[in-house]
Amino acid sequence: MSSNPQDCMHALTLIGVQNHDERSHYNVSVELDDVEILRTTQVLETSKIVFSTKCDATGKDTSIVRFKLYRVLDDEVEDTSLEGEVQYSLTELKSAHGIEQDNGFSVVLPPSGVSFSVRLKPSQIEERSDTAARCLTPSAENNSGTGLQSMDWGSLCDRANNLMSSYNQTHRGEDIEEAIRILLDWYNDLPSGSKDHAACANSLGLAFYTRLRHTNSIDDLEQAVHYWSIVLESWAPGSPFYVPLVVNLGGMLRRRFEWQGNFEDIEHAIIMYSAAKTRCPPDNPYRHNLLNNYASAVLSRFEQTGDPQDLDLSIQTHQECLLLRPPGHPSRFSTLSNLADAICVRYRHRGNADDLTRAMAYYRGALELCPAESSSYSIVLMNVGIMLRYSFERNGDLQSLNTAIEHYSVALSACSDNHPTRSSLLANYAGALYLRFTQSGDTNDLEYSIELYTNSLANQPLTHAHRFSSLHGLAIALMSLFKVNGVPEYLDLATTYIASSMALCGPSHPEHISVLMVWINCLIMRYKARGDISDLDAAIEHSEAAIHICPTESTNYFPLLTHVNNALSTRFAQRQDVGDLKRIIDYCDSALRDFPHHHISTRVLAMDRADALLQRYFHEGGMDALEHAISFYRDIMQDLSGGHQAFSRVLIQLASALQARFEQNGKSDDLNCAVNHYRTACEACPPGHDDYSAAFSGLGNALLLRHQIFGPLGDLDESLVHLAHVVEARTLATNHPDYPKGLANFAYAIFVRYQNQHDVTDLDIAVSYLKLALDHPNQSEGRHILTYLATVLSARYDEREDIDDLQESIKMFEKALPMFGPQNPQALHLRRNLACSLQKMYEKRQTIEDLNAAVAHFEAYMTISPENHPDLPLALISLASCRHMRAKASKDDDGFRNAILLLAVASEKLPEAHPWVFLIYRLYTTIFKDYYRLTGNTSFLEKAFQYHELASSAPGIHTWDQLSMAFRWRTDADAFHHMSALEAYKTSMKLLDRHIMATPTLSGRYKALLGTILRDTPSLAADATACAIIEGDLELAVELSEQGRGLLWSQMSRFRTTLDELRVFDDEGHRLADEFESLSAQLERRQSDSSGVGTVPQSLRRSQLEQEARHYRQLSSQWDAVVTKIRQKQGFAYFLNPMPYKELRAAAIAGPVVIINASIKRCDGIIITKEGPPRLIPLPHASLAGIATTSNDLRNVLRNTGGVGEERMRETQLIPVLRRLWDAVLAPIVEELLTIVPKGSRVWWCPTSKLTSMPIHAAGPYRKGASNMPNIYVSSYTPTISALIRSRRQNASKIALNTPSFVSIGQSKPNSGSGERELEAVGAELELVKSLVPSSMSCSEVSGDEGTVSGATQALKTNSWVHLACHGRQDFVQPFESSFALRDKPLRLLDIIQAEPENPEFAFLSACHTAVGDKNAPDEVIHLAAGMQFCGFRSVIGTMWAVDDTTAHHMVKEFYDAMFTGKIDCRNAARALNKASKSVDKDKVPMDQRVVFIHIGA
């Protein structure tokens, strides 16, 4: 026998691989000498391979055969992990097992324990493919006519299997196409009755299923179902392959049902499973697969029909399957997961908490058994996420929801794009994100949720069984997005999607009611957005129809009932039909009787009932309803944790009810408790939360009410911040229904601020916001907005007396009144306000019908109002006012007495410090004053002035109210020549300072000063000074003059006070000094944050402005407290108090200071010297009107003769003006001065009123032989006496330590936006100045491109002497915007104020209008030179009008020649300027340019 190796052919067949179900199975790989020759992909197949090896003549064969087992957790993807392997040599197989065993022998693959049968026989086929054969092998008969006559069926089968195996490995489409073509060709040639027909059909089913796993194609699914159905018809139930075939065919039918929604598929699958189960003995190896798929199919049917028996059968069958898959079984995890699915569904439908716990335990058990690389891993993760979400919904634990979302994220990253459950995963992930959005308000979660829902729908066919759910979720998310930004398109999309979901969920669908509830919500939302009442009626009709057919035991019953209640509540808000509220209460009462208190949904119904009671109270009144509502809310709160979804809503409603009760009984505890509840709700509601607007609006409104009743200014500030924030949050969603409500609330808060600060622009802002809210297409608060707007218009009438405002106010009140029920608490407020407007109309038109109507409304209010209503005293006060007016008109003594009696009754009902006591005092002053006029009884007049004083110091009211009463007191005292006049002025001055100081910004203070106070009392300081002069108290006159002028500079200077003496006093003094300086620095920065007077930076939002204002007042309060503590230190009792005269006269240490007081009462000069009392110089020839005329004449001369060549004309017209000024004002003062100081002495002028813009230093008789002012005295100016004192003290310690540094700042070409022409002489002027600066001073220049705001500011900070040559502009509308024109932008007065020079001494402002001042508030002396003085420059040269740059250099040269002769000292500036004006060439420099420069400071 030959010993040469020879080819030996073998046929190896695998039979009966175990442990398969629909969700997981095993693949087996066979390797020959490390080369794979066979791989199974379907467990029920018998797989065959023919191969050849080299063996010797004895048949010995050393080839190695290795069997490998791979577990696949889901039959949709390829194998993922190696579970076991074993190897044999062919010789071992033959000798150990024999090749004659037709039934095969068992091969076990450790460590898995899985086994299968193997048959190994010699093959008689000479040539066979060495690739896998994977089909059931039929006989090879009847293969003629196929075109494949040269190949038998076995070869074709092997070739098809090889191609399918290759496809599984490479995913090359041509492989599977070729396999299917081969099998189809063979199948089509087989006669239908052939015994191989079923085997070939099975192979085709397998081929299409193989491709389905990779393509997810519905066509492949249809083909797999088709061919396996043919096989099922051919195989008898007793066939060994019958059960596994039913398992797989049923799985395909169930999948087709999920895709196409054909209920017959799931019914067919269940029928097959049920029949197979009865024929499948307990020991059948496929029984556990059958049970698993049967249970899943029954669960799918339950989800369509809602039959509870199906749900119970599914769980029971899964539990039976689990017994067949004990611990260690490779498919146990899938059963754990499927069983958890079914229990989860039962929890969702029956709400048993034990089911939630049980399902979570099964899911976690499945997750532990499922490797991360398995395709089923994402499914199990998804299911765990679902349970965590349910846990959150039940217990409110946000961490559970966050963990669920993390699980979904991991699952999605592990899930392939064509995975059949991907759409479900996307939808569940989206739902969890949406739920978190409802808690956190993070719109990123909402937007990603919508994206995921959209992707989920894209992954589903239109007939997918769960498509309705994705449509449902997407609709909810889009509705929320609409609620966030108000874009109508989102609501339209939501409506479309929920309608599509409804179409897929008919009345018999178990999820019909869930979808219906969203549809109801959508209708309600659309009604609120568009106002179509038919939407609301439809919502109620649908919901009530559903509630009548919904079983009370259904988990949908309570949510549906809540939707019914919501729809009815919304309709009540529109139609005010109390029947809707009664139906809500009846529904809730019925349900609450039938269910135990601890039932999870009773809380929601209790809330609905409490809400209805609260609404009924607001509509009808009645404390019983309100008390019941409060009791319900408090009971509910005891059952809720802070993380519960309903927590914030209950807090908000409870707070609203407590606030309502406060408005009835006036008990502050209720209001304080309401504020605290609102605060807690706000903490639980981040931006975007459903209750965010309600929480912050509620808090803002409650704080506003507390401010109005009890007066804390901090409450008003905080209220404005919160209400502005609510409006700001809706800025990008102005179509949102909540937007007009937010506008209205914010507008009313602004109105209340007006009542405190009396900034009239607040009224205009409030009116514009309220009109915007009233005209909003989605507003549903019309009656409240009308009431607010009417109230604000009535107040604006008080300011401007525009009769149109008052008439519109009355019309709106009358329109709104019928919209409230007669017992509605709001109707009482409205009626009282309407009466007040009618009262004003009477005062305007003197039509008795208006007054009678007002009285009638007040009397109706008194009749309707409860005896203990907290607003009753206010109504009594208003009625007393009307009775007084009627008595005054009819001269009815009894009417006066009745009005006084009503005030006495009102007073008895109020505690002593109540803010409304002020209203009583105020009205008493008017009544007693008029009563005095009627009777002549002086005791009534004395009582009037007693109440004036009481009203001006009444506690708990706005400073403005006190100030306005002090002004009235002053006016009445002047009119009646009452002895309290001086006290009235002193009180007015003190309150004026306090009122202005309360305003955060300089621009706001200026506006408050100009817009209200100076409008009514333009010469308050001068009049107060004149009053003190009349009383003979000159020292007080000086003090009052100082207190009332330069108020804004004085207030700013308080923040720059140094405390060196306090710091070394003791440790506490050191701490207080540090604290004072820190707070002062913060306040100073904040007071200058505005970009200009009356303007708001566009980049600064309204809410930020309100927050800044609030922070300012908080800092201001802290600053006041520190100042109080400092004043308690020995020696600091008068710290920052107005300077007494004995300190003010220190300003005259270098020469007399002269106050020229111009009042409507009288005009006087007051000379202050360093010792002795002030000296009074009456000015009998001067008057306030005459001074104003002279000032206007000066302005006209300068304006009308400003042309080139008109210099002589200008001088000719200027001299008479200066002469009049001398004769009326200066001559008497100079005459007195000459008795004090000789000619040539320095004198400081402190003018008031229009005199601040007059060239006092240039006045004179201008007559031959007479001396004019420049030849009599060296003149300087000071805005206030204290400003001069500060100039003397500043930097005194640094003068000897520092060498002066000089900088020239110039700009000939300002920025193009300035509108200024080029100054050609600037360069020459800078060169001139540089040449005149002595070498002992360092000298630098900032000009040209470097002449910018930053360059100039830096130069101001680092140099002690400054010469500035450029355009100057005095802004007469917004004086703090006055500026120097530089290269890049204007250097504003505000910028100069904020600069902090290191060692400032002297500044020469060679620019136009740098010392002009504000014509509207002349006593404030707001100009550029004053700003330089304020920021530290001790000596400043400024200009009173325009400077001619062609002649300015002559004055500059003469000035610096004189300035730098002798010792360099900034205090020589006044003498140098005086000398320059006299020595300059008068032919080159006209008169107006010689006197345009003035000196300010030391």
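Residues numbered from 1 in each chain as written. Predicted model: local features only at pLDDT ≥ 70, side-chain atom pairs only at ≥ 80, totals over all residues. Heavy atoms only, no water.

Right, let's get into the overall build of the protein chain. Regarding its fold elements, the protein chain presents 57 helices and 22 strands. Out of the 1498 residues belonging to the protein chain, those deemed buried represent 60%. In the protein chain, of all internal contacts separated by at least 6 residues, the share reaching a separation of at least 24 is 69%. Accessible area for the protein chain stands at about 58400 Å²; split by element, carbon and sulfur atoms hold 49% of it. (Helix = DSSP H or I, 4+ residues; strand = E, 2+ residues; numbered from the N terminus. Buried < 20%, exposed > 50% of the residue type's maximum accessible area, 1.4 Å probe, protein only. Contact = heavy atoms within 4.5 Å. Areas by Shrake-Rupley, 256 points an atom, 1.4 Å probe, with all protein chains shown as cover.)

The next subject is the packing of aromatic side chains. Overall, the coordinates contain 32 aromatic pairs when judged by the stated rule. Taking 6.2 Å as the distance between ring centres and 25° as the angle between the ring planes, the aromatic pair formed by Phe751 and Tyr754 counts as stacked. On the criterion of helical spacing, the pair formed by Phe751 and Tyr754 is a turn pair, its members being three residues apart in helix H28 (residues 738–757). Here Phe751 matches Tyr754 in class, with each residue buried. On the basis of an interplanar angle of 85° and a centroid distance of 6.4 Å, the ring pair of Phe945 and Phe976 is categorised as edge-to-face. In this pair, Phe945 is assigned in helix H37 (residues 938–952) and Phe976 in helix H38 (residues 959–976), connecting sequence segments 31 residues apart. Directly above the aromatic system of Trp1244 lies the positively charged group of Arg1288, at a separation of 4.6 Å from the ring centroid. (Phe/Tyr/Trp six-rings, centres within 6.5 Å; stacked < 30°, edge-to-face > 60°. Lys NZ or Arg CZ within 6 Å of the ring centre and 35° of its normal.)

Our next topic: the pairing of strand E22 (residues 1493–1497). In terms of burial, E22 is largely enclosed, as five of its five residues are buried. Bridge analysis of strand E21 (residues 1435–1439) against E22 gives five bridges, and the strand direction is antiparallel. Among the inter-strand pairings, Ser1435 is bridged to a residue of E22, identified as Gly1497. (Pairing = 2+ DSSP bridges.)

Turning next to the packing of helix H13 (residues 398–414) against helix H14 (residues 422–440). Direction vectors running N to C along H13 and H14 enclose 150°, while the axes themselves pass 10 Å from each other. The angle between H13 and H14 places the two elements in the roughly antiparallel class. Taken as a pair, H13 and H14 cross one another with a handedness that is left-handed. On H14, the residues that touch Leu398, Leu401, Asn402, Ile405, Tyr408, Ser409, Ala411 and Leu412 of H13 are Arg422, Leu425, Leu426, Asn428, Tyr429, Ala432, Leu433, Leu435, Arg436 and Gln439. (Axes fitted to C-alpha atoms, helices over the stretch in contact; angles between N-to-C directions. Parallel < 35°, antiparallel > 145°, perpendicular 65-115°, else oblique. Left-handed = near helix turned anticlockwise from the far one by under 90°.)

Pairing geometry for strand E10 (residues 1163–1168) and strand E11 (residues 1175–1178), over four bridges, is antiparallel. By the bridge assignment, Asp1164 is partnered in E11 with Pro1178. Linking two consecutive strands that pair antiparallel, namely E10 and E11, is a turn of six residues; a positive phi of about 85° is found at Gly1172 within it.

Our focus in this paragraph is the sheet that holds strand E17 (residues 1367–1369). Strands sit in the order E17-E18-E19 across an open sheet of three strands; the sheet is antiparallel. Each edge of the sheet is formed by a strand with only one pairing partner; in this case those strands are E17 and strand E19 (1386–1388). Averaged over neighbouring strand pairs, the angle between their axes works out to 25° when direction is ignored. Taken together, the three bridges between strand E18 (residues 1379–1381) and E19 define a ladder with antiparallel strand orientation. Directly across from Ser1379, in E19, lies its bridge partner Arg1388.

Looking now at unusual backbone geometry. Peptide bonds are, in most cases, trans, and in most cases residues other than glycine have a negative phi. We note that Gln846 has phi near 55°; this positive angle belongs to a residue other than glycine. Along the polypeptide, Gln846 turns up in the loop between helix H32 (825–845) and helix H33 (848–864). In this structure, Tyr1262 takes a positive phi of about 45° despite not being glycine. As for its placement among the helices and strands, Tyr1262 is situated in the loop between strand E12 (1242–1247) and strand E13 (1274–1277).

Taking 1.5 Å of rise per residue, the 17 residues of helix H11 (residues 353–369) would be expected to cover 24 Å, and the 25 Å separating its terminal C-alpha atoms lies within 8% of that figure. The complete set of buried residues in H11 reads Asp355, Leu356, Ala359, Met360, Tyr363, Gly365, Ala366 and Leu367. With a side-chain oxygen lying 2.8 Å from the backbone nitrogen of Asp354, the N-terminal cap of H11 falls on Asn352. (Expected span 1.5 Å × (residues − 1). Polar contact = N/O pair within 3.5 Å; in protein donor to acceptor, adjacent residues only side chain to side chain.)

Quick look at the environment of Ala984 now. Relative to the helices and strands, Ala984 is located in helix H39 (residues 981–997). A relative accessible area of 0% places Ala984 in the buried class. Each C-alpha atom of the pair Ala984 and Arg968 lies 8.8 Å from the other, and the pair is 16 residues apart in sequence. When near neighbours in sequence (up to four residues on either side) are disregarded, Ala984 contacts Ala966, Trp969 and Arg970.

The end-to-end C-alpha distance of helix H19 (residues 533–549) is 25 Å, a good match for the 24 Å that 17 residues give at a rise of 1.5 Å each. Among all positions of H19, only Asp535, Leu536, Ala539, Ile540, Ser543, Glu544, Ala546 and Ile547 are buried. The arc that holds the buried residues of H19, viewed along the axis, is 160°, so those residues lie on one side. Away from its buried face by more than 90 degrees, H19 exposes Glu541, His548 and Ile549. Along its buried surface, H19 packs onto helix H18 (512–530), helix H20 (557–575) and helix H21 (578–594). (Arc of directions from axis to C-beta.)

Before going further, it helps to examine the side chain of Arg1288. Tracing the chain through its elements places Arg1288 in helix H50 (residues 1281–1289). One buried charged side chain, Arg1288, makes no salt bridge at all; its nearest oppositely charged neighbour is Asp1465, positioned 9.6 Å away. Here Ala1147 takes part through its backbone oxygen, which lies 3.0 Å from a polar atom of the side chain of Arg1288. Every residue in contact with Arg1288, bar those within four places of it in the chain, is listed here: Ala1147, Ile1149, Ala1150, Trp1244, Arg1434 and Ala1498. (Lys, Arg positive; Asp, Glu negative; His and termini not counted. Salt bridge = Lys/Arg side-chain N within 4 Å of Asp/Glu carboxyl O.)

Under the defined criterion, the tally for this structure stands at 58 salt bridges. Its salt-bridge partner being Glu1211, residue Arg1208 comes within 3.7 Å of it at the nearest N-O pair. Highlighted residues: Arg1208 and Glu1211, both in helix H49 (residues 1207–1233), separated by three residues, approximately one helical turn. Residue Arg1208 is classed as exposed on the basis of its relative accessible area, which comes to 60%. One connected set of salt bridges, linked through shared partners, spans Asp537, Glu544, Arg571, Asp580 and Arg583.

Inspection of the secondary structure assignment puts Gln962 in helix H38. A residue is classified by how much of its surface remains accessible, and Gln962, at 8% relative accessible area, is buried. In the structure, Gln962 is positioned 40 residues away from Arg922 in sequence and 9.9 Å away in space, judged by C-alpha atoms.

Looking at the protein chain as a whole, the pLDDT averages 81, with 83% of positions reaching at least 70. Long-range and interchain partners of residues 1292–1296, a stretch whose pLDDT sits below 50, account for three contacts in this model, where long-range means more than four residues apart. (pLDDT = per-residue confidence, 0-100.)

On to the environment of Val917. The residue Val917 is located in helix H36 (residues 916–935) in this model. For the pair formed by Val917 and Leu874, sequence separation is 43 residues and the distance between their alpha carbons is 9.6 Å. Beyond its immediate stretch of four places on either side in the chain, Val917 contacts Leu910, Pro911 and Glu912.

Further remarks concern the packing of helix H12 (residues 377–395) against H13. In contact at an axis separation of 8 Å, H12 and H13 are set at 165° when each is read in the N-to-C sense. With respect to their mutual orientation, H12 and H13 come out roughly antiparallel. The chirality of how H12 crosses H13 is left-handed. Of the residues in H13, those in contact with Tyr377, Ser378, Leu381, Met382, Val384, Gly385, Ile386, Leu388, Arg389, Ser391 and Phe392 of H12 are Leu398, Ser400, Leu401, Thr403, Ala404, His407, Tyr408, Val410 and Ala411.

What follows is about the state of the cysteines. A complete count under the given rule lists zero disulfides for this structure. Not part of a disulfide, Cys836 finds its nearest cysteine sulfur in Cys882, a span of 7.2 Å. For Cys836, a relative accessible area of 22% translates into the label partly exposed. (Disulfide = S-S within 2.5 Å.)

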